[in-house]
Amino acid sequence: MIDRYQLRYFLAVVDHGNFSRAAERCNVSQPTLSVGIAKLERFLGAPLFLRSSQRVELTPAGSRFLLHARRIEGEFNQALQAMTDIGPAASVLRIGVLRSISGALLARAAAGMRAADPAAQVELVEGSERELNGHVARGRVDCALTLVERGGDRFLEQPLFEEGYALALPADHPLAGEAVVAAESLADNTMIVRRHCEMLSDTSRHFIERGVRPHFAYRATNDERVMLLVAAGLGVTVMPERHRHPGLTRPRLAGFDARRTVGLIFGAQAEHLAGGGAPFLHALRMAAALPVDDGAA
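To keep things clear, this report deals only with the structure shown in the data block. Just so you know, these numbers come straight off a predicted model, no measurement behind them. (Residues numbered from 1 in each chain as written. Predicted model: local features only at pLDDT ≥ 70, side-chain atom pairs only at ≥ 80, totals over all residues. Heavy atoms only, no water.)

## Description of the pairing of strand 8 (residues 191-194)
Under the convention used in this document: Type-normalised accessible area, obtained with a 1.4 Å probe on protein chains alone, sets the label of each residue: buried when under 20%, exposed when over 50%, and partly exposed for intermediate values. Going along the chain from the N terminus, every DSSP run of H or I of four or more residues is numbered as a helix, and every run of E of two or more is numbered as a strand. At least two bridges found by DSSP between two strands are what make those strands a pair. With its strands directed away from the observer, a crossover is right-handed exactly when the path from the first strand over the helix to the second travels clockwise.
Burial along strand 8 is two-sided: the face carrying Met191 and Val193 and the face carrying Ile192 and Arg194 are both buried. Alignment of strand 8 against strand 9 (residues 216-220), held across four bridges, turns out to be parallel. When the sheet's bridge partners are listed, arginine 194 is paired in strand 9 with alanine 220. Read as a crossover between parallel neighbours, the route from strand 8 over helix 7 (residues 200-208) to strand 9 is right-handed.

## Some thoughts on unusual backbone geometry
At glutamate 149, a position not held by glycine, the phi torsion is positive, near 60°. Inspection of the secondary structure puts glutamate 149 in the loop between strand 5 (143-147) and strand 6 (156-170).

## Description of helix 7
The criterion, for reference: Within this analysis, the arc is defined by the directions that extend from the helix axis to the C-beta atoms. In what follows, a contact means two residues having at least one pair of non-hydrogen atoms within 4.5 Å.
Every buried residue belonging to helix 7 is among Thr203, His206 and Phe207, and all of these are buried. The buried residues of helix 7 occupy an angular sector of 95° when the element is viewed end-on, so they sit on one face. Those residues of helix 7 that are buried lie in contact with strand 6, strand 8, strand 10 (237-240) and strand 12 (252-253).

## Observations concerning the side chain of aspartate 142
Mapped onto the fold, aspartate 142 is located in the loop between helix 6 (129-137) and strand 5. Those residues in contact with aspartate 142, other than ones at most four positions away along the chain, are Val92, Leu93, Arg94, Ile265, Phe266, Gly267, Gln269, Ala270 and Leu273.

## So, the environment of alanine 144
Mapping alanine 144 onto the fold places it in strand 5. Judged by its relative accessible area of 0%, alanine 144 falls in the buried class. Counting along the chain gives 49 residues from alanine 144 to isoleucine 95, while the straight-line C-alpha distance between them is 5.1 Å. Once you skip the residues sitting within four places of it in the chain, alanine 144 turns out to touch Ile95, Gly96, Leu132, Val136, Gly263, Leu264 and Ile265.

## What about the packing of aromatic side chains?
Going by this rule: Working definition: rings of Phe, Tyr and Trp (its six-membered ring) pair if their centres are within 6.5 Å, and the pair is stacked with planes under 30 degrees apart, edge-to-face with planes over 60 apart, and tilted otherwise. The criterion for a charge sitting over a ring is simple: Lys NZ or Arg CZ within 6 Å of the ring centre, and within 35 degrees of the ring normal.
For the structure shown, the criterion picks out five aromatic pairs. Where phenylalanine 10 meets phenylalanine 49, the ring centres are 5.4 Å apart and the plane angle is 40°; that geometry is what we call tilted. Remark: phenylalanine 49 occurs in strand 1 (residues 49-51) and phenylalanine 10 occurs in helix 1 (residues 4-16); sequence separation between them is 39 residues. Each member of the pair, phenylalanine 10 as well as phenylalanine 49, carries the same accessibility label: buried. Here tyrosine 165 and phenylalanine 256 contribute two aromatic rings whose centre-to-centre distance is 6.3 Å and whose plane-to-plane angle is 75°, an arrangement assigned as edge-to-face. Of this pair, tyrosine 165 sits in strand 6 while phenylalanine 256 sits in the loop between strand 12 and strand 13 (259-266); the two residues are 91 residues apart in sequence, bridging distant segments of the chain. Phenylalanine 256 carries the same exposure label as tyrosine 165, and that label is buried. Three or more aromatic residues joined by ring pairs form one cluster here, namely Phe10, Phe19, Phe49 and Phe65. If you follow arginine 242 out to its NZ or CZ, it ends over the ring of phenylalanine 161, 3.9 Å from the centre.

## Points about helix 5 (residues 103-116)
The condition is simple: Any helix carries an expected span of 1.5 Å times its number of residues minus one. Any pair of N or O atoms that falls within 3.5 Å is considered a polar contact. Within protein, one atom must be able to donate a hydrogen and the other to accept it, and sequence-neighbouring residues count only if both atoms are side-chain atoms.
The end-to-end C-alpha separation of helix 5 is 20 Å, in line with the 20 Å expected for 14 residues at 1.5 Å each. Along helix 5, the residues that are buried comprise Leu105, Leu106, Ala109 and Met113. The buried residues of helix 5 occupy an angular sector of 95° when projected down its axis, which confines them to one face. Turned more than 90 degrees away from the buried face of helix 5, the exposed residues are Arg114 and Ala115. In this structure, the buried side of helix 5 is in contact with strand 3 (92-98), strand 4 (121-127), strand 5, strand 6 and helix 9 (279-289). Structurally, the start of helix 5 carries an N-cap: the backbone nitrogen of alanine 104 is 3.2 Å from a side-chain oxygen of serine 102.

This is the structure in structure tokens:
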């Protein structure tokens, strides 16, 4: 018999790419997770993963089993949700949020939800793009605010807005009044690294190709903290255009034209939400449609 925890371990390894991150996600030790995977492989009579020093890959048997494992886990979560819907928690919208999404956008959506329906409830689950895809696939969240139009057809997508990336400089920076700043002009500047940024590799390459190898004062995963520290003069950084904060200026980085599309992805059991319904999603769509200068973040 296959136990559910074995399915969860298996799917965690698939979604996170190695055993250590999967164990962390499942809140177990790596040896415990490895034992669970080994039991599953013995029961199925075939190895599920090809293991290397850096990453694990699915075997042909693992790829075949993945389709069934996703369906079983999804149906299990739907069954739990169906039972939950009997009780008062049925009105809670669970939405994943990409770490690099502006907090001000979420705050505006929350305020809009409260104004429209004070009784509405929402649960926000923060994560990386990969983590959120896994949450949606497994039914742990109803939908996720993340990057869309990336060439996949795994989920129903609803684009909300497109944005580029720009520098974040303190208001008293010598280049704060410029509309466009060349990377070479920042060669002697201290910088802050946004480690969770999906364009981190591209940004680093842009500076390195222009001979800029700055000192890094902070390696962060919290954008609100980054903006506070930039405004305080600790360093400069590159962020999505919609991020705004008092004491910051946002000139363009010359020659860096990367853009991203942000939107909602929906799990199979929650595709009906794409048509409207939940007050938070309605408020989020309204906030995303506002111009950045009007405070939409």
